[in-house]
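Summary of the model geometry
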Amino acid sequence: MSIKKVMVIGAGQMGAGIAQSCAQSGFEVLLNDMNEEAIEKGLKNIEKLLTRAVEKERISEKDKKDTLNRLSPSTHLQDAQSCDLIIEAVVENMEVKTKVFSDLDAFAPKHAILASNTSSLPITEIAAVTKRPEQVIGMHFMNPVPVMKLVEIIRGLQTSDETYQAIKTMTEELSKTPVEVNDFPGFVSNRILMPMINEAIYTVYEGVASPEDIDTVMKLGMNHPMGPLQLADFIGLDTCLSIMEVLHEGFADSKYRPCPLLRKYVKAGWLGKKSGRGFYQYS
């Protein structure tokens with residue numbers, strides 16, 4: 001099938017980034033959120049990033065205007081009836097996501113593909129609340145979306161080959177690299193990354209070293225561009241905890257047990273960069 005018009009649900013950092021990437025690649029895009037302020041903020045952030053790209057001569061002024069002209073705001077899920085692909089990018093919570101997919105199933109046209117940007121939750125379970133499980137798939141973009149080239153494409157139990165091929169082709173049209181992944185907790189990226197972050201938090205918790213020194217070891221010793229604790233702050237400690245809980249529950253293996261210090265920080269509201277404080281302080 002041919003994908004021409006896309007709806008992105010959730011105007012936060014990930015949703016806005018997905019919307020920008022789609023619009024820059026020539027797709028008509030509806031950026032949907034129940035909160036009008038969130039949409040306004042998301043669109044302003046996209047314009048800001050495009051302006052910066054023009055200043056750095058990565059794109060032309062015409063490219064910027066064309067991209068913005070392809071973006072439209074939406075506050076109603078009913079708007080999905082005009083779309084070929086709907087990408088959900090809401091909070092990492094199964095109850096919230098299944099509600100969105102159940103509602104979308106009623107509004108989206110029969111041919112439309114429903115995709116989730118979930119970073120760890122099972123696509124098969126999300127697909128089960130719809131009457132089109134063969135047309136449900138995972139598209140796990142990396143943050144920041146306009147910069148990062150990888151998209152994990154997750155096939156649920158019933159995802160059809162036609163759906164997978166359409167999303168693989170579309171991902172390549174976004175100038176990104178698709179990687180096919182089967183439906184396991186955490187997929188590939190977070191199954192490997194999050195236990196490393198969790199172990200780094202344990203080394204703080206046990207007093208092995210300071211957050212700064214732990215990050216320095218990983219940057220200078222392992223050639224990582226960013227230390228695991230700084231990266232956790234950028235991802236959001238609440239998101240890290242959610243993913244660790246999915247891994248712990250999904251595999252029933254104690255090696256995925258979230259560090260008590262991670263739980264404590266989240267309960268304190270120390271969520272990382274977005275709250276102003278995590279393992280580091282942000283002004």
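Residues numbered from 1 in each chain as written. Predicted model: local features only at pLDDT ≥ 70, side-chain atom pairs only at ≥ 80, totals over all residues. Heavy atoms only, no water.

Taking an unreviewed UniProt entry as the reference, the protein is identified by name as 3-hydroxybutyryl-CoA dehydrogenase belonging to Virgibacillus tibetensis. On record in UniProt, under Pathway (unreviewed entry), the comment for the protein is "Lipid metabolism; butanoate metabolism." Recorded in UniProt for the protein, the comment headed Sequence similarities (unreviewed entry) runs: "Belongs to the 3-hydroxyacyl-CoA dehydrogenase family." (UniProt positions renumbered as here; feature names shortened; annotations may be inferred.)

Regarding the nonpolar core
Within the largest apolar cluster, 36 residues are counted, with the highest numbers of intra-cluster contacts made by Val6, Leu85, Met139, Phe141 and Met170. Of the residues forming this core, the biggest block, six residues, is contributed by helix 1 (residues 13-24). With near-sequence residues (within four places) excluded, methionine 139 lies in contact with Leu85, Ile87, Ala115, Ser116, Asn117, Val151, Glu152, Ile167, Met170 and Thr171. Core analysis: the second largest hydrophobic core is formed by 23 residues, Met7, Met94, Leu104 and Val246 among them. (Core = buried A, V, L, I, M, F, W, Y, C linked by side-chain atoms within 4.5 Å. Buried < 20%, exposed > 50% of the residue type's maximum accessible area, 1.4 Å probe, protein only. Helix = DSSP H or I, 4+ residues; strand = E, 2+ residues; numbered from the N terminus. Contact = heavy atoms within 4.5 Å.)

Description of unusual backbone geometry
For residues that are not glycine, phi is negative in most cases, and the peptide bond is trans in most cases. Asparagine 143 connects to proline 144 through a cis peptide bond whose omega is 0°. As for its placement among the helices and strands, proline 144 is situated in the loop between strand 6 (136-141) and strand 7 (150-155). Despite not being glycine, glutamate 57 shows a phi value in the positive range, around 60°. Checked against the element boundaries, glutamate 57 lands in the loop between helix 2 (36-55) and helix 3 (61-69). Its relative accessible area of 73% is what places glutamate 57 among the exposed residues. One non-glycine residue, alanine 252, lies in the positive phi region at around 50°.

Section: the pairing of strand 6
Most of strand 6 sits out of view: six of its six residues are buried. Covered by surrounding structure in strand 6 are Val136, Gly138 and His140 together with Ile137, Met139 and Phe141, the residues of both alternating faces. With five bridges joining them, strand 6 and strand 7 adopt antiparallel strand pairing. Bridge pairing links histidine 140 to glutamate 152 in strand 7. (Pairing = 2+ DSSP bridges.)

Details of a positive patch on the surface
A cluster of basic residues, Lys48, Arg52, Lys56 and Arg58, forms a positive patch at the surface. Mapped onto the elements of the fold, arginine 58 is located in the loop between helix 2 and helix 3. (Patch = residues over 30% accessible without salt bridge, like charges linked within 9 Å, V, L, I, M, F, W, Y side chains within 5 Å. Areas by Shrake-Rupley, 256 points an atom, 1.4 Å probe, with all protein chains shown as cover. Salt bridge = Lys/Arg side-chain N within 4 Å of Asp/Glu carboxyl O. Lys, Arg positive; Asp, Glu negative; His and termini not counted. Charge placed at Lys NZ, Arg CZ, Asp CG, Glu CD.)

Details of the packing of aromatic side chains
Using the criterion set out here, one finds five aromatic pairs in the structure. On the numbers, 6.4 Å between centres and 85° between planes, the contact of phenylalanine 234 with tyrosine 282 is edge-to-face. Here phenylalanine 234 is found in helix 9 (residues 228-235), whereas its partner tyrosine 282 is found in the segment after helix 11 (260-267), with 48 residues between them in sequence. On the basis of relative accessible area, tyrosine 282 is assigned to the partly exposed category, the value being 22%. Here tyrosine 265 and tryptophan 270 contribute two aromatic rings whose centre-to-centre distance is 5.1 Å and whose plane-to-plane angle is 75°, an arrangement assigned as edge-to-face. Over the face of the ring belonging to tryptophan 270 we find arginine 277, whose NZ or CZ atom lies 3.7 Å from the ring centre. (Phe/Tyr/Trp six-rings, centres within 6.5 Å; stacked < 30°, edge-to-face > 60°. Lys NZ or Arg CZ within 6 Å of the ring centre and 35° of its normal.)

A few points about the pattern of salt bridges
According to the stated counting rule, one finds twelve salt bridges in the structure shown. Of the charged contacts, one joins aspartate 66 and lysine 62 as a salt bridge, the two residues approaching to 2.8 Å between their closest N and O atoms. One end of the pair is aspartate 66 and the other is lysine 62, both in helix 3 and four residues apart, which spans about a single turn. A residue is classified by how much of its surface remains accessible, and aspartate 66, at 24% relative accessible area, is partly exposed. Residue classification places lysine 62 among the exposed positions, given a relative accessible area of 56%. Of the charged contacts, one joins glutamate 245 and arginine 263 as a salt bridge, the two residues approaching to 2.7 Å between their closest N and O atoms. With a gap of 18 residues between them, glutamate 245 in helix 10 (residues 237-251) and arginine 263 in helix 11 connect regions that are remote in the sequence. Given the relative accessible area of 32%, glutamate 245 is considered partly exposed. Given a relative accessible area of 30%, arginine 263 falls into the partly exposed group. Linked through salt bridges whose partners overlap, the residues forming this network are Glu88, Glu92 and Lys97.

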